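# Examining the three-dimensional arrangement
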Amino acid sequence: MSEINFDWLNKLPKVELHLHLEGSLEPQLMFALAKRNSVDLPYKSLEQVQEAYQFNNLQDFLNIYYQGAEVLLLEQDFYDLTWAYLSKCQQQNVLHVEPFFDPQTHTARGIDFSTVINGINRALVDGESKLGISSELILCFLRHLSEDDALITLQQAVPYLDKLKAVGLDSSEKGHPPEKFSRVFAKARELGLLTVAHAGEEGPAEYIWTALNDLQVSRVDHGVSATSDQALLAHLITTGMPLTICPLSNTKLKVFSDMSEHTVLEMLELGVCVTVNSDDPAYFGGYMTENFVALADSLAMTKAQAKQLVSNSIKSSFISLESKDKLQQILADYI
Ligand code: ADE
Ligand code: ZN
């Protein structure tokens, strides 16, 4: 452990920019919803869940993650899922969040787009009024599906544009480069949405270039493969392009063999705008605080580095300049 302890990191004001709501489905809620909705799960106990949550790569995880999402059927289920995540944020002093959701995971099972977004939105509105947590919602397209499927999903989202800030791109990265989705991202931008994309998680640095050039993203989700391309690193530094890094996810999915190998603090020291996030906390062993704790434990992160990481998240968020200034002041006052 470095100069920091759990309590200091838990109370540190934080902002989360890379969180899949479906990935925040804790086994306890999964079991409760399975019972409520009469859905069969392949697990009978918490021990069986823990046994299943051992992953060798992204695809191993995604198979289990899509299966877990099958317990989500009704608007109230999406509300409960989102509310549980926000409650955790309150416990960990996360003040602003920009979560992802995967509508195609649900519409493919016959659930209405409106059911999904209305449940999530109602919880986010309550999160602001009852917990004081502000939010902006990001719709992710599943990259293992076709661009035509993504275009249909974008069309379904048009009546709900006031509830969305951006579109993103997630799921199986290898073999599904960002440029496969150039047309749907262009349409999303025409509709006034910002864009982000998972790139360089398991895929090559080249996918980060095409996310930047073809999809015109405002942030790169993950982006850890950037360290293999010096020209790209220099470009990220000069443009201030944010990377939403997810340390526990990267070690759980064996992108890095051990947390001591993680490059996030090296990139921070080089001047890359890196941020810390939890990705799929119910599957990867922790929320925001646990991700920061892992960096303190394995990489001797300092308090100054932790505060710089949060400051980068505030800078990279999709809120107004005035709201950013308020959060930066709250962060500066924390010692
Ligand atoms: N969907 C949920 N988590 C993901 C991740 N880490 N990478 C790609 N797609 C995802
Ligand atoms: Zn992710």
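My aim in this report is to walk through the structure given alongside it, one point at a time. All figures in this text were calculated on a predicted structure; none of them were measured in a lab.

Okay, the overall build of the protein chain next. Per the secondary structure count, the protein chain includes 17 helices and ten strands. A compact globule built from 335 residues should have a C-alpha radius of gyration of about 20 Å, and the protein chain, at 19 Å, falls within 12% of that. Overall size of the protein chain, expressed as C-alpha extent along the three principal axes, is 50 × 40 × 40 Å. A buried classification covers 60% of the 335 residues belonging to the protein chain.

Moving on, we come to the site of ligand 1. Looking at ligand 1, the residues that line it are His20, Leu58, Phe61, Leu62, Tyr65, Asp170, Ser171, His198, Glu201, His222, Asp279 and Asp280. A distance of 3.5 Å separates a nitrogen atom of ligand 1 from a polar side-chain atom of histidine 222. Computed on the free molecule, ligand 1 has an accessible area of 260 Å², of which 100% lies beneath the protein chains in the complex. Sort the elements by how many residues they give to the shell around ligand 1 and helix H4 (residues 58-68) lands first, with four residues.

All right, on to the coordination of the zinc ion (ligand 2) then. The protein atoms donating to the zinc ion (ligand 2) are His18 (NE2), His20 (NE2), His198 (NE2) and Asp279 (OD), with metal-donor distances spanning 2.0 to 2.2 Å. Viewed at the metal, the four donor atoms of the zinc ion (ligand 2) are separated by angles of 85 to 175°, and the geometry they form is irregular. Each donor residue of the zinc ion (ligand 2) belongs to the same chain, and together they define the spacing H-x1-H-x177-H-x80-D. Placement of the pair is histidine 198 in strand S7 (residues 194-199) and aspartate 279 in the loop between strand S10 (273-276) and helix H14 (281-284), with a sequence separation of 81 residues. We note that histidine 198, like aspartate 279, is buried.

The rules behind these values
Residues numbered from 1 in each chain as written. Chains lettered and ligands numbered in written order. Predicted model: local features only at pLDDT ≥ 70, side-chain atom pairs only at ≥ 80, totals over all residues. Heavy atoms only, no water. Helix = DSSP H or I, 4+ residues; strand = E, 2+ residues; numbered from the N terminus. Rg over C-alpha atoms; globule rule 2.2 N^0.38 Å. Buried < 20%, exposed > 50% of the residue type's maximum accessible area, 1.4 Å probe, protein only. Near = heavy atom within 4 Å. Polar contact = N/O pair within 3.5 Å; in protein donor to acceptor, adjacent residues only side chain to side chain. Areas by Shrake-Rupley, 256 points an atom, 1.4 Å probe, with all protein chains shown as cover. Donors = N, O, S within 2.8 Å, 3.2 Å for Na, K, Ca; no water. Tetrahedral: all angles 85-135°; square planar, octahedral: opposite > 155°, others 65-115°.

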